[in-house]
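Letter by letter, the chains look like this.
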Amino acid sequence: MKIWLYNIVTIFCFVVLGRVISMLLPVEFPSSIIGLLLLFVALSSGMLKQKYVEKVCEQLNRHIGILFVPAGVALMGYFDLVQQNLVALIMAGLIGTVTIFFTVGHTYCYLNRASAAKQKAALTKQQGDDK
């Protein structure tokens, strides 16, 4: 029980911190995104260990479908507007998806080639040092 409470408090602190930073910014920016970015940076840098948020995150991932229900219901309030712009929404979704696939694919290929070149250079240098 103590671990669950600590996990929830840790996540909640990042949510509150994101909200505070969002209020301080001169432009509007979603506080949830700021909180998630801060959580990502804390986990990536090692300032926060995975074990401190793991239990709650597993439960949230297990029930993520339920978290989208309010957004879907709210969208139905604008059904006439969605129906009028259905073609534009579908095209935006398709174009966005293709753009993301293209960008991620090319970025992966570029980074893969750069990594291979770096490994080859290190191997060549190591072989030169051995001689």
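Because the structure is predicted, anything quoted here is derived from the model rather than measured. (Residues numbered from 1 in each chain as written. Predicted model: local features only at pLDDT ≥ 70, side-chain atom pairs only at ≥ 80, totals over all residues. Heavy atoms only, no water.)

A separate point is the overall build of the chain. Within the chain one finds seven helices and zero strands. Put simply, the chain runs from its N terminus to its C terminus through helices and strands in the order α-α-α-α-α-α-α. The C-alpha radius of gyration computed for the chain amounts to 22 Å, which surpasses the reference 14 Å derived for 131 residues by more than 25%, pointing to a less compact arrangement than a globule. In terms of overall dimensions, the chain has C-alpha extents of about 75 × 50 × 35 Å along its principal axes. Every one of the 131 residues in the chain was classed for burial, and the buried ones make up 10%. (Helix = DSSP H or I, 4+ residues; strand = E, 2+ residues; numbered from the N terminus. Rg over C-alpha atoms; globule rule 2.2 N^0.38 Å. Buried < 20%, exposed > 50% of the residue type's maximum accessible area, 1.4 Å probe, protein only.)

The next thing to look at is the nonpolar core. Membership of the largest hydrophobic core is limited to seven residues, which are I11, F14, L39, A42, L48, V53 and V56. Sorting the residues of this core by element identifies helix 1 (2-24) and helix 2 (31-45) as the ones contributing at least two each. If we skip the residues at most four places from it in the chain, L39 touches I11, F14, L48 and V53. (Core = buried A, V, L, I, M, F, W, Y, C linked by side-chain atoms within 4.5 Å. Contact = heavy atoms within 4.5 Å.)

This paragraph deals with the confidence of the model for the chain. Mean pLDDT over the chain stands at 88; residues scoring 70 or higher make up 97%. When pLDDT is averaged over each element of the chain, helix 2 comes out on top at 92 and helix 4 (residues 64-67) at the bottom at 82. (pLDDT = per-residue confidence, 0-100.)

Right, let's talk about the layout of surface pockets for a bit. As a volume, the largest pocket reaches approximately 280 Å³. Lining the largest pocket are I11, F14, V15, S31, S32, G35, L36, L39, C57 and L60. Ranked by residues supplied to the lining of the largest pocket, first place goes to helix 2 with five residues. Residue composition of the lining of the largest pocket, grouped by class: seven nonpolar, three polar and no charged. (1 Å grid on protein atoms, 1.4 Å probe; cavity = no way out; pocket = protein on both sides within 12 Å on 5 of 7 lines; lining within 4 Å. Points joined across faces, edges and corners; volume = space filled by probe spheres on them. Nonpolar A, V, L, I, M, F, W, Y, C, P; charged D, E, K, R; others polar.)

The grouping of L25, V27, F29, I33, L36 and L37 at the surface amounts to a nonpolar patch, some 530 Å² of accessible area in total. Structurally, I33 is set in helix 2. I33 gets classed as partly exposed once you look at its relative accessible area, which sits at 37%. (Patch = residues over 30% accessible without salt bridge, like charges linked within 9 Å, V, L, I, M, F, W, Y side chains within 5 Å. Areas by Shrake-Rupley, 256 points an atom, 1.4 Å probe, with all protein chains shown as cover. Salt bridge = Lys/Arg side-chain N within 4 Å of Asp/Glu carboxyl O.)

Now for the environment of I21. Position of I21 relative to the elements: it lies in helix 1. Its relative accessible area of 28% is what places I21 among the partly exposed residues. It is 8.8 Å that separates the C-alpha atoms of I21 and G35, two residues lying 14 residues apart in sequence. Excluding residues within four positions of it along the chain, I21 makes contact with I34 and L38.

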